[in-house]
Amino acid sequence: MTKLKVIVADSDKEFCNLLRDSFSDDEQIELLAATDSGVDAIEKIQRYQPDVLISDLILPGIDGFELMARIRKLTIAKKPKIIIVSRLSGENFISKALGAGAAYFMAKPVDIATLHERILDFSNNRPQNARPSAYSARRSGLDEKLSNIFITVGIPAHIKGYQYLREAIKMSIDNPEIINSITKKLYPGIAERFNTSASKVERAIRHAIEVAWNRGKIENINSIFGIKIYSPNDKPTNGEFIALLADKMILEGA
């Protein structure tokens, strides 16, 4: 199996060393290089043409936004998928990063196991025993679509419900019947993946939906579905929200 090639651009030496140690003997990921310079990251991307770039937004010389802008202009055969890992986790920063080309945004301090999973999301030859069967048919661009939807409706990326809700939608796309067994199969499946409990998954997803409603972005939510489904006082259940977004993704060819 060909390893995913990764480059890191981050001025936090402790974080870079942690990634080196974590991926040193990894059978699926190869950390090619780490740099604290955005300019040097461009040079390394041109030289190695990695599959994935992990970058902070705060970098000396050029920041993460300028780095992504320069990557878009590169004339190379393969441009890396970009995972932004930063302490600048405000909604504006997240929205701007995703709009600039980031595939994922993860708030520091990041869980290395989760980062590992996000990197492997870009692999087409991931071992079947390394993931639940509900994830065996990942579609190109699905995570980017869901991330953009969550930012639009006001669900911040740093809360647990963001991750759990994304996984719930993907599981429902791969197995639509699972939405009818939300407490017996869906929540426990997510809980197993994230090493937590089904009840915590349920509460975190509920919190994510409540955050969106409390931020008053109901019109954004309705615009996603193309019709006026909800009012400020009409919050959906977890299952309704998951099912609606899963159905939307299926209709769009996810």
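All figures in this text were calculated on a predicted structure; none of them were measured in a lab.

Thresholds, definitions, all that
Residues numbered from 1 in each chain as written. Predicted model: local features only at pLDDT ≥ 70, side-chain atom pairs only at ≥ 80, totals over all residues. Heavy atoms only, no water. Buried < 20%, exposed > 50% of the residue type's maximum accessible area, 1.4 Å probe, protein only. Helix = DSSP H or I, 4+ residues; strand = E, 2+ residues; numbered from the N terminus. Right-handed = clockwise from strand over helix to strand, strands pointing away. Core = buried A, V, L, I, M, F, W, Y, C linked by side-chain atoms within 4.5 Å. Contact = heavy atoms within 4.5 Å. Arc of directions from axis to C-beta. pLDDT = per-residue confidence, 0-100.

1. Points about the pairing of strand S1 (residues 4-9)
By the criterion of burial, S1 is predominantly enclosed, with five of the six residues buried. Considered for its hand, the β-α-β crossover made up of S1, helix H1 (residues 13-23) and strand S2 (residues 29-35) is right-handed.

2. Description of the nonpolar core
Ranked by size, the top nonpolar core spans 58 residues in total, and within it Leu67, Ile155, Ile169 and Ile205 carry the most contacts. Not counting chain neighbours up to four residues away, the residues in contact with isoleucine 155 comprise Phe150, Tyr162, Leu165, Ala208, Ala212 and Phe241. Membership of the second largest hydrophobic core comes to 22 residues, among which are Val8, Val85, Tyr104 and Phe122.

3. Points about helix H4 (residues 91-100)
By the burial criterion, the buried members of H4 are Ile94, Ala97, Leu98 and Ala100. In an axial view of H4, the angular spread of the buried residues amounts to 160 degrees, which keeps them on one side of the axis. Summarising the geometry of H4, the exposed residues directed more than 90 degrees from the buried face are Asn92 and Gly99. Looking one or two residues beyond H4, the residue adopting positive phi is glycine 101, at roughly 125 degrees.

4. Thoughts on the confidence of the model for the chain
Mean pLDDT over the chain: 83, with 85% of residues reaching 70 or higher. Within the model, pLDDT remains below 50 along residues 125-140, and this stretch shows 31 contacts once partners closer than five positions in the same chain are excluded.

5. Considerations on the environment of leucine 165
Here leucine 165 shows up in helix H7 (residues 160-174). Along the backbone, leucine 165 and isoleucine 190 are 25 residues apart, and their C-alpha atoms lie at a distance of 9.1 Å.

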